[in-house]
Amino acid sequence: MRIVLEVRNGPRSGHRTWLADGQELKIGRTEWADFAFPDDRTMPDVGLVLKCGTRGCDAKSPSDRHRFLVNGQPVLTHTLKDGDILQVGNTEFLVSVPLAGNDRRISVPLIWTKGPRSSATIPNFPYEMRRCHSGLVCYRADAARFPIRALLPILARRMILYLLVNGDLAAEEEKPGLAAYREFPHDMTRPDDVLVANLRVVTPMDPVDRVALAARLWPSGCVTCVLSSREPDHFMTHLASSAFLLSRHEMLLERLEGATSSVLSDAFRGVAAVVLPDSTASWSMFADPQPRPVWQNLGLPTAPLGPANSVSREITDSKRFG
């Protein structure tokens with residue numbers, strides 16, 4: 001059985017995802033949820049767990065203290081039906097169950113899009129996709145064929161987009177403007193040859209188009225894009241506690257490729273993906289393959305199964321930053 005879940009209200013109204021047989025999805029307010037709604041302060045950390053099987057899809061509250069609504073009625077468990085309206089906190093979801101004869105329309109994962117029945121598609125761009133030794137999945141693409149300005153809005157429809165900007169590498173004309181953004185406190189880091197010393201963090205609280213800013217800063221190789229379910233204050237605390245994402249690009253690329261799972265489990269808690277330039281003409285996106293793979297949101301092929309496997313099309317290769 002497959003179901004489609006569409007957000008009906010709030011800032012993410014129109015966003016959709018789907019579940020197939022054997023899949024589970026947690027909905028909540030914090031990084032503990034697969035589908036996070038940090039703006040809904042009435043929603044529990046994890047307020048609903050959906051599990052799909054061959055005989056149906058069940059919704060269950062993880063706690064007896066937090067009931068959710070189905071068609072206006074408070075319940076602890078419910079087997080989903082086509083047309084059901086779920087409410088967790090103040091956020092409503094419409095449940096759709098495609099008929100078997102209509103399965104073709106969701107034979108590839110749906111992209112997170114706004115508005116009903118959007119026809120948005122992903123460009124046929126050259127890419128490499130592989131499983132890293134760290135366990136993360138890496139996409140690498142030609143920035144000219146699939147520009148960062150096209151990638152980030154797709155990712156940011158589900159998670160919060162943060163920009164980590166190395167002020168020392170920014171173009172001279174950009175440096176005065178960076179002073180308006182939050183400076184990462186120096187006493188919270190250990191600036192050296194590994195960590196970025198002059199770091200600015202751009203959050204949703206800043207009155208700026210973060211996608212446009214990232215695209216503008218991209219050619220200088222000074223920006224790291226982080227997609228997270230954490231609210232700004234919690235995100236800053238997370239940066240300070242792990243320092244993993246504060247590394248200079250060349251070191252961060254090495255860590256994302258080969259860090260141990262124990263290090264990554266802490267550094268990637270609440271982080272869905274990290275996108276950064278890895279050369280003068282391409283970007284790399286590192287994503288946690290569990291529990292809600294980024295490649296599903298992008299409508300891309302299933303990720304390779306092992307570290308030695310990869311899927312690729314020829315891409316432009318050039319000198320790496322650093």
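Residues numbered from 1 in each chain as written. Predicted model: local features only at pLDDT ≥ 70, side-chain atom pairs only at ≥ 80, totals over all residues. Heavy atoms only, no water.

**Q** How should I be thinking about the confidence of the model for the chain in this particular structure?
**A** Any residue range with low pLDDT should be treated as having predicted coordinates unsuitable for detailed reading. For the chain, the mean per-residue pLDDT works out to 76, and 77% of the residues sit at or above 70. Residue range residues 100-123 is modelled with pLDDT below 50. Its contacts to residues more than four positions away, or to other chains, number 53 contacts. Within the model, pLDDT remains below 50 along residues 301-322, and this stretch shows 59 contacts once partners closer than five positions in the same chain are excluded. (pLDDT = per-residue confidence, 0-100. Contact = heavy atoms within 4.5 Å.)

**Q** Where do I start with unusual backbone geometry in this structure?
**A** Most peptide bonds are trans, and most residues other than glycine sit at a negative phi. One non-glycine residue, asparagine 71, lies in the positive phi region at around 55°. Along the chain, the position of asparagine 71 falls in the loop between strand E7 (68-70) and strand E8 (73-75). Since its relative accessible area comes to 45%, asparagine 71 is described here as partly exposed. (Helix = DSSP H or I, 4+ residues; strand = E, 2+ residues; numbered from the N terminus. Buried < 20%, exposed > 50% of the residue type's maximum accessible area, 1.4 Å probe, protein only.)

**Q** Can you help me understand the pattern of salt bridges in this one?
**A** As a working rule, side chains carrying opposite charge can pair if their charged atoms are close by. What the rule picks out here adds up to seven salt bridges. The salt bridge partner of glutamate 92 is arginine 8, with a shortest N-O separation of 3.6 Å. Remark: arginine 8 occurs in the loop between strand E1 (3-7) and strand E2 (16-19) and glutamate 92 occurs in strand E11 (residues 91-96); sequence separation between them is 84 residues. (Salt bridge = Lys/Arg side-chain N within 4 Å of Asp/Glu carboxyl O.)

**Q** Just checking my understanding: could you explain the nonpolar core for this structure?
**A** Proteins that are soluble and globular tend to have nonpolar side chains buried together. Grouped together as the largest cluster of nonpolar side chains are 35 residues, with contacts concentrated most on Ile148, Leu163, Val165, Cys225, Val275 and Trp283. Of all the secondary structure elements, the ones that give two or more residues to this core are strand E13 (137-142), helix H1 (148-156), strand E14 (160-166), helix H3 (210-217), strand E17 (223-228), strand E18 (271-277) and strand E19 (282-287). With residues up to four places along the chain from it excluded, the contact list for isoleucine 148 reads Pro153, Ala215, Trp218, Val275 and Trp283. Counting 30 residues, the second-largest nonpolar core is a separate cluster that includes Phe235, Phe244, Leu246 and Phe286. (Core = buried A, V, L, I, M, F, W, Y, C linked by side-chain atoms within 4.5 Å.)

**Q** Can you walk me through the sheet that holds E11 in this structure?
**A** Strand pairs in the sheet, formed through backbone hydrogen bonds, run parallel or antiparallel to each other. Taken in spatial order, the six strands make up an open sheet running E2-E1-E11-E10-E7-E8, and their pairing is antiparallel. The sheet terminates laterally at E2 and E8, the two strands that pair on one side only. Here the strands of the sheet are splayed against their neighbours by 30° on average, with no regard to which way each runs. Across two bridges, the pairing between E7 and strand E10 (residues 85-88) is antiparallel. Within the sheet, the bridge partner assigned to valine 70 lies in E10 and is leucine 86. (Pairing = 2+ DSSP bridges. Axes fitted to C-alpha atoms, helices over the stretch in contact; angles between N-to-C directions.)

**Q** When you look at the side chain of serine 228 in this model, what are you seeing that I'm missing?
**A** Residue placement: serine 228 occurs in strand E17. Setting aside residues no more than four positions away along its own chain, serine 228 makes contact with Met159, Ile160, Tyr162, Phe235, Gly270, Val271 and Ala272.

**Q** Help me understand the packing of aromatic side chains, please; the structure alone is not making it clear to me.
**A** To describe a pair of aromatic rings, one takes the distance between the centres and the angle between the planes. Within the structure shown, the criterion is met by five aromatic pairs. Between phenylalanine 35 and phenylalanine 37, the aromatic rings sit 4.6 Å apart at their centres with planes inclined by 50°, giving tilted as the arrangement. With a relative accessible area of 0%, phenylalanine 35 lands in the buried category. An angle of 5° between the planes, with centres 3.9 Å apart, marks the rings of tyrosine 162 and phenylalanine 235 as stacked. In this pair, tyrosine 162 sits in strand E14 while phenylalanine 235 sits in helix H4 (residues 232-242), placing the two residues 73 residues apart along the sequence. With relative accessibility at 0%, the residue tyrosine 162 sits in the buried group. Chaining the aromatic ring pairs together yields one cluster made of Phe35, Phe37 and Phe93. (Phe/Tyr/Trp six-rings, centres within 6.5 Å; stacked < 30°, edge-to-face > 60°.)

**Q** Is there a simple way to think about the packing of H1 against H3 in this case?
**A** Between two packed helices, what matters for the description is the angle formed by their axes and the separation of those axes. Running from amino to carboxyl end, H1 crosses H3 at an angle of 145°, the nearest separation of the two axes being 9 Å. Once H1 is placed against H3, the crossing between them reads as right-handed. Every residue of H3 that contacts H1 at Ile148, Arg149, Leu152 and Pro153 is listed here: Val211, Ala212, Ala214 and Ala215. Broken down by class, the residue content of the contact of H1 with H3 amounts to seven nonpolar, no polar and one charged. (Left-handed = near helix turned anticlockwise from the far one by under 90°. Nonpolar A, V, L, I, M, F, W, Y, C, P; charged D, E, K, R; others polar.)

**Q** What is the right way to read the pairing of E11 from this model?
**A** In the case of a regular strand, side chains alternate between the two sheet surfaces. Here E11 shows a clear split, with Thr91, Phe93 and Val95 buried on one side and none of Glu92, Leu94 and Ser96 buried on the other. Where E1 lies against E11, four bridges are found, and the strand directions are antiparallel. Of the residues in E11, the one forming a bridge with glutamate 6 is leucine 94. By the bridge criterion, four bridges tie E10 to E11 in an arrangement that is antiparallel. Paired with leucine 86 across the strands is phenylalanine 93, a residue of E11.

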